[in-house]
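One-letter residues, chain by chain:
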Amino acid sequence: MLGDLLGGRARTHVSLSYLAEPWGMRFVGDAGLTVHVLVRGAAGCAGEAVEPGDVLLVRGPHELRDARGTPPGVVVEGPGRSREPGEPAVAAGDRWRLDQARSYGSALGAETLVVHATYPAGDVLDRRVLAALPAVVRAPAPPALRELLTTESVREGAWQHAVLDRLVDLLVITVLRSRDDTGWLAAVADPVVGPVLELLHGDPARPWTVGELAGRVGVSRASLARRFPGLTGEPVIAYLRAHRLDLAADLLRTGDRTIAAIAREVGYADAFSLSAAYRRRTGRPPSADRGPSTAR
């Protein structure tokens, strides 16, 4: 299921920074996950020293600074959007272009080289995976991947960006997989609960039963009923109900379907039954949560 987060790789924006001290960068965009890989040099993030070969996975706004802690000289708002501190937010950047392979600086030989990437978190599953992570995860890159990344980071050419995209994907998967022994990530990686989650997320409108799900993954109903809440924190059907409402909330904010259409898509018989469940959970009707462009 980590592939669901990384499935938006075509939307991932990879960039490089060739940095000469003093330097500092502030990241304030709405990316679900920001990745920094220090290829060479020294840096700091969230009070932690970052060494060459380290991979940082960061949720939310943060700063990446040189080893001296220099205040940020650039504010990165998102792909193609960056500015100097104190300047108003911009719709498109022209000084540091994050949709280009090289984003900041111009000297290939600068003492610090950082690869950056951002992943969007668009749906419920993405947010659950991300919420299971600490605000900052630091882990060493596997030597083979680090060597490839170092080579590609200084190789100019039409294929550089595509290769870096895939290398960063591999690094992120490696780091996340190494942390799959606790919490939500453990549920995703579990040989029984993981496939059940795939089924629930793949067809949330289906009238699933614990018995049918257990049969699909080859375990007894009792075994699944014990194992699932031990890793997710709630029983199978309670999880499915919550997921349906989370999905409905996403569709309300981002789509233009009627409440009746959303109800059918997420597994409710009609708009009335969805509205009743939604109100019980949130204290307000679904119509109150429509996005500005979809309110009707």
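Just so it is clear, the structure is predicted and the values come from calculations on it, not from any experiment.

**Brief notes about the side chain of aspartate 246**
The residue aspartate 246 is located in helix α9 (residues 236-254) in this model. On the basis of relative accessible area, aspartate 246 is assigned to the buried category, the value being 18%. In this structure the side chain of aspartate 246 is engaged in a polar contact, spanning 2.8 Å, whose partner is the side chain of arginine 281.

**Structural notes on the confidence of the model for the protein chain**
Atomic detail in the predicted coordinates should be set aside for any region of low pLDDT. Averaged over every residue, the pLDDT of the protein chain is 82; the share at 70 or more is 83%. Of all secondary-structure elements in the protein chain, the lowest mean pLDDT belongs to strand β10 (residues 102-104), at 48, while helix α7 (residues 210-217) reaches the highest, 97. Contacts from residues 92-103, a stretch scored under 50 in pLDDT, to residues over four places away or in other chains number 45 contacts.

**Focus: the packing of aromatic side chains**
Within this structure, the stated rule accounts for one aromatic pair. Of note, arginine 206 hangs over the ring of tryptophan 208, and the distance from its end group to the ring centre comes to 4.8 Å.

**Looking at empty space enclosed by the protein**
Applying the stated criterion to the full structure yields two cavities of 30 Å³ or more. Contributions of two or more residues to the lining of the second largest cavity are made by β3 (33-40) and β6 (54-58). Among the elements that take part in the lining of the second largest cavity, β3 stands out by supplying three residues, more than any other.

**What to know about the nonpolar core**
Val35, Leu57, Leu200, Leu224 and Phe228 are the most contacted members of the largest nonpolar core, which totals 47 residues. Ranked by residue count, the leading element in this core is helix α4 (residues 160-177), at seven residues. In contact with leucine 57, other than residues within four places in its own chain, are Leu33, Thr34, Val35, Ala135, Val136, Val137, Val172, Val175 and Leu176. With 15 residues, the next largest nonpolar core counts Leu38, Ala43, Val58 and Leu64 among its residues.

**Here we look at the sheet that holds strand β8 (residues 74-78)**
Taken in spatial order, the six strands of this open sheet run β5-β4-β7-β2-β8-β9, and their pairing is mixed. One side of each edge strand has no neighbouring strand; the edge strands of this open sheet are β5 (48-50) and β9 (81-83). The sheet shows a mean angle of 25° between the axes of neighbouring strands, direction not considered. Across two bridges, strand β4 (residues 43-45) lies against strand β7 (residues 62-65) in antiparallel orientation. When the sheet's bridge partners are listed, glycine 44 is paired in β7 with arginine 65.

**Considerations on the pairing of β3**
Counting buried positions over the eight residues of β3 gives seven, a clear majority of the element. Pairing geometry for β3 and strand β11 (residues 112-119), over seven bridges, is antiparallel. Paired with valine 35 across the strands is alanine 117, a residue of β11.

**Some words on unusual backbone geometry**
Following glutamate 21, the chain continues to proline 22 via a peptide bond in cis, the omega torsion being 0°. Looking at the secondary structure, you find proline 22 in the loop between β1 (13-19) and β2 (24-27). One non-glycine residue, alanine 46, lies in the positive phi region at around 55°. Relative to the helices and strands, alanine 46 resides in the loop between β4 and β5.

About the cut-offs
- Residues numbered from 1 in each chain as written.
- Predicted model: local features only at pLDDT ≥ 70, side-chain atom pairs only at ≥ 80, totals over all residues.
- Heavy atoms only, no water.
- Helix = DSSP H or I, 4+ residues; strand = E, 2+ residues; numbered from the N terminus.
- Buried < 20%, exposed > 50% of the residue type's maximum accessible area, 1.4 Å probe, protein only.
- Polar contact = N/O pair within 3.5 Å; in protein donor to acceptor, adjacent residues only side chain to side chain.
- pLDDT = per-residue confidence, 0-100.
- Contact = heavy atoms within 4.5 Å.
- Phe/Tyr/Trp six-rings, centres within 6.5 Å; stacked < 30°, edge-to-face > 60°.
- Lys NZ or Arg CZ within 6 Å of the ring centre and 35° of its normal.
- 1 Å grid on protein atoms, 1.4 Å probe; cavity = no way out; pocket = protein on both sides within 12 Å on 5 of 7 lines; lining within 4 Å.
- Points joined across faces, edges and corners; volume = space filled by probe spheres on them.
- Core = buried A, V, L, I, M, F, W, Y, C linked by side-chain atoms within 4.5 Å.
- Pairing = 2+ DSSP bridges.
- Axes fitted to C-alpha atoms, helices over the stretch in contact; angles between N-to-C directions.

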